[in-house]
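# Fold and geometry: a report
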Amino acid sequence: MMMQTSATTGLASNATAAQQAVPVSPLAPRRRQGHLVVQGVSKRFAQRDSAPAEVLRDCSFEVEPGRLTVLMGPSGCGKSTLAYLLAGYLAPDAGSLTIDGMPITQAGPDRMLVFQETALWPWMSIVENVMFGPLARGDMSRAQARQAAEALLQKFGLVGFGDRYPSQLSGGMKRRAELAQALINSPKVMILDEPFRGLDVMTRELMQEYYVQLFEETQLTTLFITTELEEAIFLADRIVFMGTAPGRIVRGLEVDLPHPRTIGSMTSERYLEIKKDAMATLIEYGAVSTD
Amino acid sequence: MNDVLHQGALSIRQAGKIYDPAGAAVVALEDCSAEIRAGEFVAIVGPSGCGKSTLLNAIAGFDRLTSGEILLDGVTLASPGTEPRPGPQRVVVFQHGALFPWMTVLENVIYGPTRQRVLGADAARAKALDMLRRCGGLDTAGQRYPGQLSSGMQRRVEIVRALMNEPKVLLLDEPFRAMDTVSKSAMHRHLLDIHALYPKTVLFITHDLEEALFLADTVYVMTTRPGRMKTMLRVNLARPRTLDMLVSHEYLELKRQVVAGVHEEAQKAFERGERELA
Amino acid sequence: MTPLQTRKLWRMGAGYLIAFTLWYLSVKWLPLAAFARLPDPVTVLKEWFAPEPAYGISIFTGAYYKHIIASTLRAFAAFILAVALGVPAGILMGWSSTFHDYAAALIGLLRPIPPLAWVPLAILLLPAAEVAVVYVTFLVAFFATTLNTLVGVKAIDPDYLRAARCLGANRRDLLRDIIVPGALPQIFTGLQIAMGAAWFSLAAGEMIAAQYGLGFLIMDAYNLIQYPTIVIAMVTLGILGFLSSAGIRLLGDRLMRWRSGAMGLHR
Ligand SMILES: Nc1ncnc2c1ncn2[C@@H]1O[C@H](COP(=O)(O)OP(=O)(O)OP(=O)(O)O)[C@@H](O)[C@H]1O
Ligand SMILES: [Mg+2]
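Because the structure is predicted, anything quoted here is derived from the model rather than measured.

## Remarks on the overall build of chain A
Helix and strand content of chain A: eight helices and ten strands. The buried share of chain A, taken over its 291 residues, is 57%. Sequence-distant contacts, at least 24 apart, represent 68% of the contacts inside chain A between residues at least 6 apart. Accessible surface, chain A as shown: approximately 11,800 Å² in total, 52% of it carbon and sulfur.

Here it is, written out as C-alpha cells:
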C-alpha cells in the first residue's frame, strides 16, 4: 500500500481546521488521542415478561491511545453492547465511560463505529456513501468532501469504483469502503465490531492485513471486536478477554509481536507462546469447546 | 472391516473443466491431479473461485469434466465422455446445508436407504437412531424438524444422513464456513469423532488453513483459477487430534511450510477478482 | 389470552365500530344527496335478521341460502378446477424449460385481460351461461395458482435436488419428495390469492350472466330498488370470501407444520 498523496493531506486538514482545535487529516499519523476508559460499567436490558437480563457486570478496561486493543469473547457475551455504550448509543446503568477524560454522553464523530453488517446505503454510489458524514455535518464543501473521499478510495484500492453502487462490489471491497466512510470523519478512535465477519477466511486475512497496515501508518486508536483468536493475535497490541453470562472482563493480555505485522508474524515462536496463553484463557472461560 | 477400509481410493488425473456459458470460456480446472487413498481425510485449501466446488461437483456427479478423468477404486467416475450421475457412493454435505426442511430429522436420515430400497423403513429407522445416537446423542432430535435445530446440529444430522448410505467417499464443501468460532471448534470435535467411528475417505473443502491442518491427514493447496494442486502436505499429527496440538511446534512447522503459498494464492485470487469487477 | 391478544381484539372491534358510526352518520346527517338513498346500517341489520323482511331476503328466507349455495358451488367448482390444472401447470413450467418456453409468453398476454372482458366470448363459446360464469371465475384463479406454483418451484434451492440425487432419488422421487413439498408454501400463497380472485370475478360474472347467486342478487336488488338487500349480499360475499381464505390458510398451516420451527431455518 502506498502513502497518501500530500495534496489530500493538505486539503483534509484545511477542511477540518475550522472545526477542530487539532487539525487532523483522515490519514495523517495521529497524536496520541482517543483514550477510552471504561470503569465499573454494568448494563441490564428490560424484558417484556421476565426479569431484566444482566448483560454486562462491572466491566473495567482501557483502550490506550495510539494502540490497537482487541476485545475478544464468545458470541452473545455483550461485546456489541460495550461498543454501543462507547459509541454513545446506550447509557450504562452503573459505572462511567470517558474519552480523553470527558464523559461519553452521546454519539459523535470522534468515535466511529463500524459494524459487522454492511453500513453502506445501497441507493448511494460508493463515493456518495463516503462523503456522507462531513456533508451531513457541514464540515466540508461538496468539492472538498469529494476530494477527501477519492483520496481515501485510492488508499483502499478502490480507484475507479467510486461511482459504482455497493451491490456491484465484492464483500472485501465493501468492507474497505466502510472503513473509508468512517475514516473521512477523522475520528479519534475507531470501534470495529466484527467488521470482517461473513467474509471467507482468506479474504478476511487480507482485510486484516489492510487494517493493520493502516493502523501502523496512522497510529489510529482502535478497539477491534472479534470472536476469532487468530485475528485477535494478528492485529492486537493488547487483547481484552470477556467472559459470558453476564458479560465481564476476565483478563488482559499484551501481544508484543513486533510491528509491522505480516503473515510471518503468525508462525513465529513468540506467536505460539501467546496463542498457547490465550487458548488457555479461552478454554478456562468456555469459549472453546473441549468435550 | 478391512474390506470397507480398502474402498474409496480416488485418483484425480489431469482433471480439467472449462465453463463456456456464452462463448466467454472460463478455465476453472486445469491439469488437476491427486491420488487419495482409501480412508484418507483430505483437505483442499484454495481461494475463492479457484475451482474447488467444480472439482467436487465432478466427483459427486453433478457436472462433467472437459478433460482428464477421476477414478473411484479404479472405476471411471468422471471424464469428458462419462454421463455425470450422482449416487450414494459419494455423498455431499453442502455449505449452506441441504437437510429437507419439510421432513423430520429421522425422515431425512432414512431418506437415502429407503429410496435406494436397500433397507426397509423399520430397519432404516433402527439404523438411523443408532447412528444418530453414536454421533453425539442426536437420536433425541429424531422427531424434530431441521428448522428447530441449531445450525451445528443441522450440519451433524446432514453428515449422518450421508453416512447412512455407507458411502465410499464423503464430500464436504465448506460445511462450517458460516459458523462462529465456538460452534466451529465444536464441529471440528464432532467431525473428528465421527470420522474415527466411520473411517471413510473424506474430501473436505475449505478456505481455512488452520482448520485443514487440524482435521486432515493430507492437505492440498490449490492455485487460483485455473485450479490445480500447488502443494501437497502430509499432516503427521497423531490421532485423536486435540486442542493442544494447535499450539504445538509440529503444527507450527506444518503451517510454516504452506502458509506463504496459501497467502500468495489468496492475494492473486483477490486481485484478479477486483480486476474482473472493474 | 395474553394481554397483547386482548388489545388486538379490542382494536378490531373499535375499527368496526368507527366504520359503522361513519356510515350511519354519513347517511343520517350528511347533507349530500348521494348518500340520501343509501340504507343506514341499522336498517340493513334489521332487514338482515328480520323474520319477515321487507324486500324478501334475510337469514330466515330460503331464497337467501339458495343464492349463497349457488355462489359457493360456483366459486368452489372454479377454484378446484383452477387448483387441479394450475398446480400441475406451474410445476411443469418450473420443471421443464421447454414447457416454460411454450407457456410463459402466452400466459403473460392472457393474464392481464380482465375477467369481465371474457364474458361475451364465454357465453358465445360455452354451452350454458352457468358454465360461462364458472369459466370466468376459474380463469383468474388459474393464473394466480399457476404463476405462484411456478415461482415456488423456481425458488427451490438446487442443493436440495442435488442432495436428493446423491441419496439415490430418481426423477419421480424428486418430484414427490422435493419439488412439491418445496414449492408448497408458495403454492398455498397462490391458493389464497386464487380464492380471493375467484370470489370477486364470480360476483362480476353473476351480475351479467346468471339467474341465481349473490352477484345476481345485487344486480337484481338494484334494479328493483331494494337497497338494503344489496348491502346484505355484499356483506355476505365478504364473509364467504374471508372464511374460505381462512380455511385455506388453516389447511396450509396443517400441511406445513415444519415451517413453524422455533428457530426458523438458518438460511
Ligand atoms: N456454471 C458456471 N458457468 C460459468 N462459470 C462458472 C460456473 N460455475 C463456476 N464457474 C466459474 O469457475 C470458477 C471456479 O468456480 P468454483 O465454484 O469451482 O470455485 P470455488 O473454488 O468453489 O470457489 P469458492 O471458494 O468461492 O466456493 C469460478 O471462476 C466461477 O466463476
Ligand atoms: Mg465453492
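## Thoughts on a nonpolar patch on the surface
All names here are of chain C. A surface patch of nonpolar side chains, about 450 Å² in accessible area, is lined by Leu116, Met207, Ile208, Met219 and Tyr222. When contributions to the nonpolar patch are tallied by element, the ones reaching two or more residues are helix H9 (171-209) and helix H10 (214-223). Locating leucine 116 in the fold gives a position in the loop between helix H5 (97-110) and helix H6 (119-125).

## Points about the domain arrangement of chain C
By the assigned domains, chain C splits into domain 1 (1-38) and domain 2 (42-262). If you average the C-alpha positions of domain 1 of chain C and of domain 2 of chain C, the two centres end up 29 Å apart.

## Focus: the sheet that holds strand S2 (residues 26-36) of chain B
All names here are of chain B. Spatial strand order, S2-S1-S4-S5: four strands in an open sheet with antiparallel pairing. The open sheet has two edge strands with one neighbour each: S2 and strand S5 (75-78). For this sheet, the mean angle separating the axes of adjacent strands, direction not counted, is 30 degrees. Examined bridge by bridge, strand S4 (residues 67-72) and S5 share three bridges and lie antiparallel to one another. The residue bridging leucine 71 from the neighbouring strand is threonine 76, located in S5. Each of strand S1 (10-19), S2, S4 and S5 is contacted by helix H2 (residues 52-60), which is oriented at about 115 degrees to S1, the strand it contacts most.

## A word on the pairing of strand S7 (residues 189-193) of chain A
All names here are of chain A. Of all five residues that make up S7, five are buried, and the element is covered over most of its length. Residues Val189, Ile191 and Asp193 line one face of S7 and the alternating positions Met190 and Leu192 line the opposite face, and both faces are buried. The pairing of strand S6 (residues 111-114) with S7 spans four bridges and is parallel. Residue pairing in the sheet places arginine 111 in a bridge with valine 189 of S7. As judged from the five bridges shared by S7 and strand S8 (residues 221-226), these two strands associate in the parallel manner. In the strand pairing of S8, methionine 190 is matched with threonine 222. With helix H6 (residues 201-218) bridging S7 and its parallel neighbour S8, the resulting β-α-β unit is right-handed.

## Let's talk about the site of ligand 1
All names here are of chain B. Taken together, 15 residues lie around ligand 1, and Ser48, Gly49, Lys52, Ser53 and Thr54 are the ones closest in. Contact distances for ligand 1 include 3.4 Å between a nitrogen atom and a side-chain N or O atom of tyrosine 19. Between ligand 1 and histidine 207, the relevant distance is 3.0 Å, taken from an oxygen atom to a side-chain nitrogen or oxygen of the residue. When ligand 1 is considered free in solution it has 640 Å² of accessible area, and contact with the protein chains removes 67% of it.

## Notes on the interface of chain A and chain B
With 38 residues of chain A in contact, the opposing surface of chain B contributes 34 residues. Along the contact surface separating chain A from chain B lie five salt bridges. Between lysine 275 of chain A and glutamate 210 of chain B there is a salt bridge, with its nearest N and O atoms 3.1 Å apart. At the boundary of chain A with chain B, the tally comes to eight residue pairs in polar contact (both at pLDDT 80 or more). Going through the elements one at a time, helix H5 (171-183), H6 and helix H8 (269-284) of chain A are the ones with two or more residues in the side of chain A that touches chain B.

## Looking at the packing of H10 of chain C against helix H11 (residues 227-255) of chain C
Residues and elements named next belong to chain C. For the pair H10 and H11, the least separation of the axes is 8 Å and the interaxial angle reads 165 degrees. One finds that H10 runs roughly antiparallel with respect to H11. The hand of the H10/H11 crossing is left-handed. On the side of H10, the interface is formed by Leu214, Leu217, Ile218, Ala221 and Tyr222, while H11 contributes Tyr227, Thr229, Ile230, Ala233, Met234, Thr236, Leu237 and Leu240. In the contact of H10 with H11, the residues fall into eleven nonpolar, two polar and no charged.

Scoring rules and cut-offs
- Residues numbered from 1 in each chain as written.
- Chains lettered and ligands numbered in written order.
- Predicted model: local features only at pLDDT ≥ 70, side-chain atom pairs only at ≥ 80, totals over all residues.
- Heavy atoms only, no water.
- Helix = DSSP H or I, 4+ residues; strand = E, 2+ residues; numbered from the N terminus.
- Buried < 20%, exposed > 50% of the residue type's maximum accessible area, 1.4 Å probe, protein only.
- Contact = heavy atoms within 4.5 Å.
- Areas by Shrake-Rupley, 256 points an atom, 1.4 Å probe, with all protein chains shown as cover.
- Patch = residues over 30% accessible without salt bridge, like charges linked within 9 Å, V, L, I, M, F, W, Y side chains within 5 Å.
- Salt bridge = Lys/Arg side-chain N within 4 Å of Asp/Glu carboxyl O.
- Domains from an automatic or database assignment.
- Pairing = 2+ DSSP bridges.
- Axes fitted to C-alpha atoms, helices over the stretch in contact; angles between N-to-C directions.
- Right-handed = clockwise from strand over helix to strand, strands pointing away.
- Near = heavy atom within 4 Å.
- Polar contact = N/O pair within 3.5 Å; in protein donor to acceptor, adjacent residues only side chain to side chain.
- Parallel < 35°, antiparallel > 145°, perpendicular 65-115°, else oblique.
- Left-handed = near helix turned anticlockwise from the far one by under 90°.
- Nonpolar A, V, L, I, M, F, W, Y, C, P; charged D, E, K, R; others polar.

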